[in-house]
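Take a look at the letters that make up each chain.
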Amino acid sequence: MKRFMLAAAAAVALGSGAQAQDLAIATGGTGGTYYPYGGGLAELIGRHVEGASATAEVTGASVENMALISRQDVDIAIALADTVVDAYEGAGQFEGRAVDARALASIYPNAIQIVTLADSGIEGLSDLVGKRVSVGAPGSGTEVNARRILEANGITYDDIDEQRLNFNETADALRDGDIDAGFWSVGPPTSSIMNRAAPRDIRLVPLTDEEVAAGQEQHGTFAAYTLRAGIYEGVEAPVPTIAVPNVLVVNAAMDEELAYQITMNMFENVDELIAVHPAANDTTVEFALGATPIPMHPGALRYYEETGAEIPDRLRD
């Protein structure tokens, strides 16, 4: 009751006498999970955050999204944890240009899904050598993940014919025989893979324990993950792979009350997100506090404190 009264008072404070805010949410391509999740979040904000509306924007995903947050061209972004850490620390593709970002939450894990046709002869990661492989759209977290996993296991772009395609383009190219395999770094299941699994038999390429361990050693945000049997038509056994948390990110300059309202309403109304995409089943306070790799925005921290959850020191500035 106390938390409800605080939230109600805060909502009134946000909306009273203030001009309505139209928030932009940077997502990804329409064939992944970012876009429907971001669309669901936009609808949730419009329904529950007093004085605010939101729109999900199609983007090139993680790397582009962090650049948009840096320039404050968008208000909220979804991005893979390894890209978020690079941006926050000014490393990797953000070398020398650190982003003043803060997290609201980690919302669900992205599983690396390497898809090929069932009759391709590609049984493992090493079989990609010499093949035409989509590594994800330019500026996407998928490409960052693909490059890291390949290089961690001794495979470079010199060893493959890399194609930089978004999810829908990758699916179409796989269907048409223009590529041999493609990487998806996305919350499973995803529509672009499901649509390809209907007309053509597919195989998900598994990673060995050693390949997973090499990926984890290459970047600390990677975690072992298993894609369940039956996740796509024709996938009859569990498939071991690797996953990275997805993080809901804002610029540190976001108003504290607004950050609080977005965070609080996302968790208090998470059933609305689950109805949009099953990946939101992982949108929990426990996952957020355990998987978020950079400090939280003070507004988000206020909500977590109200839940009584133990907040790791690393999430505070």
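Just above sits the structure.
Residues numbered from 1 in each chain as written. Predicted model: local features only at pLDDT ≥ 70, side-chain atom pairs only at ≥ 80, totals over all residues. Heavy atoms only, no water.

For the rest of this paragraph, the subject is the nonpolar core. Membership of the largest hydrophobic core comes to 84 residues, with the highest contact counts inside it found for Ile45 and Tyr304. Apart from residues lying up to four places away in sequence, Ile45 is in contact with Leu23, Ile25, Ala52, Ser53, Ala54, Ile76 and Ile262. Core analysis: the second largest hydrophobic core is formed by 19 residues, Leu165, Trp184, Val235 and Val239 among them. (Core = buried A, V, L, I, M, F, W, Y, C linked by side-chain atoms within 4.5 Å. Buried < 20%, exposed > 50% of the residue type's maximum accessible area, 1.4 Å probe, protein only. Contact = heavy atoms within 4.5 Å.)

It is worth spelling out the side chain of Asn110 at this point. As for its position among the elements, Asn110 is in strand 4 (residues 101–117). Of note is the side chain of Asn110, whose polar atom sits 2.5 Å from the backbone oxygen of Ser185. Sequence-distant contacts of Asn110, defined by excluding residues within four places in its chain, comprise Tyr34, Leu80, Ser185, Val186, Gly187, Ile242, Ala243, Val244 and Asn246. (Helix = DSSP H or I, 4+ residues; strand = E, 2+ residues; numbered from the N terminus. Polar contact = N/O pair within 3.5 Å; in protein donor to acceptor, adjacent residues only side chain to side chain.)

Next up on the list: the layout of surface pockets. If you add up the space inside the largest pocket, you get close to 250 Å³. Gly28, Gly29, Ala61, Ser140 and Phe167 are, among the 24 residues lining the largest pocket, the residues nearest its centre. Elements with a contribution of two residues or more to the lining of the largest pocket: helix 5 (141–152), helix 6 (167–176) and strand 7 (181–186). Of the residues that constitute the lining of the largest pocket, the class distribution is seven nonpolar, 17 polar and no charged. Of the pockets and cavities examined, the second largest pocket occupies roughly 210 Å³. If you go around the second largest pocket, the residues you meet are Val63, Thr83, Asp86, Gly92, Gln93, Phe94, Gly139, Ser140, Glu143, Val144, Arg147 and Arg148. Residue assignment for the lining of the second largest pocket shows that the elements contributing at least two residues are helix 4 (81–89) and helix 5. It is helix 5 that provides the largest number of residues to the lining of the second largest pocket, a total of four residues. Taken together, the residues that form the lining of the second largest pocket break down as three nonpolar, five polar and four charged. (1 Å grid on protein atoms, 1.4 Å probe; cavity = no way out; pocket = protein on both sides within 12 Å on 5 of 7 lines; lining within 4 Å. Points joined across faces, edges and corners; volume = space filled by probe spheres on them. Nonpolar A, V, L, I, M, F, W, Y, C, P; charged D, E, K, R; others polar.)

If charged atoms from side chains of opposite charge come close, those side chains can pair. Summed over the entire model, instances satisfying the criterion amount to 18 salt bridges. For the salt bridge of Asp73 with Arg71, the shortest nitrogen-to-oxygen distance reads 2.7 Å. Residue Asp73 is classed as partly exposed on the basis of its relative accessible area, which comes to 46%. Arg302 is the partner of Glu257 in a salt bridge, and the nearest nitrogen-oxygen pair spans 2.9 Å. Pair noted here: Glu257 is in helix 9 (residues 256–268) and Arg302 is in helix 12 (residues 298–307), with a separation of 45 residues, a long-range link. The exposure class assigned to Arg302 is partly exposed, which follows from its relative accessible area of 24%. (Salt bridge = Lys/Arg side-chain N within 4 Å of Asp/Glu carboxyl O.)

This paragraph deals with unusual backbone geometry. In the segment running from Pro188 into Pro189, the intervening peptide bond is cis, with an omega of -10°. Along the chain, Pro189 turns up in the loop between strand 7 and helix 7 (191–197). For Gln72, which is not glycine, the phi dihedral falls at a positive 55°. Locating Gln72 in the fold gives a position in the loop between helix 3 (62–70) and strand 3 (76–80).

The description of two aromatic rings rests on the distance between their centres and on the angle between their planes. By the definition in use, this model includes five aromatic pairs. Aromatic side chains Phe167 and Trp184 sit 6.2 Å apart centroid to centroid with 15° between the ring planes, which places their arrangement in the stacked category. Taken together, the residues span a long stretch of sequence, with Phe167 in helix 6 and Trp184 in strand 7 at a distance of 17 residues. Here Phe167 matches Trp184 in class, with each residue buried. Measuring from ring centre to ring centre gives 5.8 Å for Phe267 and Tyr303, while their planes differ by 5°; the resulting arrangement is stacked. Of this pair, Phe267 sits in helix 9 while Tyr303 sits in helix 12; the two residues are 36 residues apart in sequence, bridging distant segments of the chain. The two residues Phe267 and Tyr303 agree in class, both being buried. A connected cluster of aromatic rings, assembled from ring pairs, spans Phe267, Tyr303 and Tyr304. The side chain of Arg147 reaches across the aromatic face of Tyr157, ending 4.0 Å from its centre. (Phe/Tyr/Trp six-rings, centres within 6.5 Å; stacked < 30°, edge-to-face > 60°. Lys NZ or Arg CZ within 6 Å of the ring centre and 35° of its normal.)

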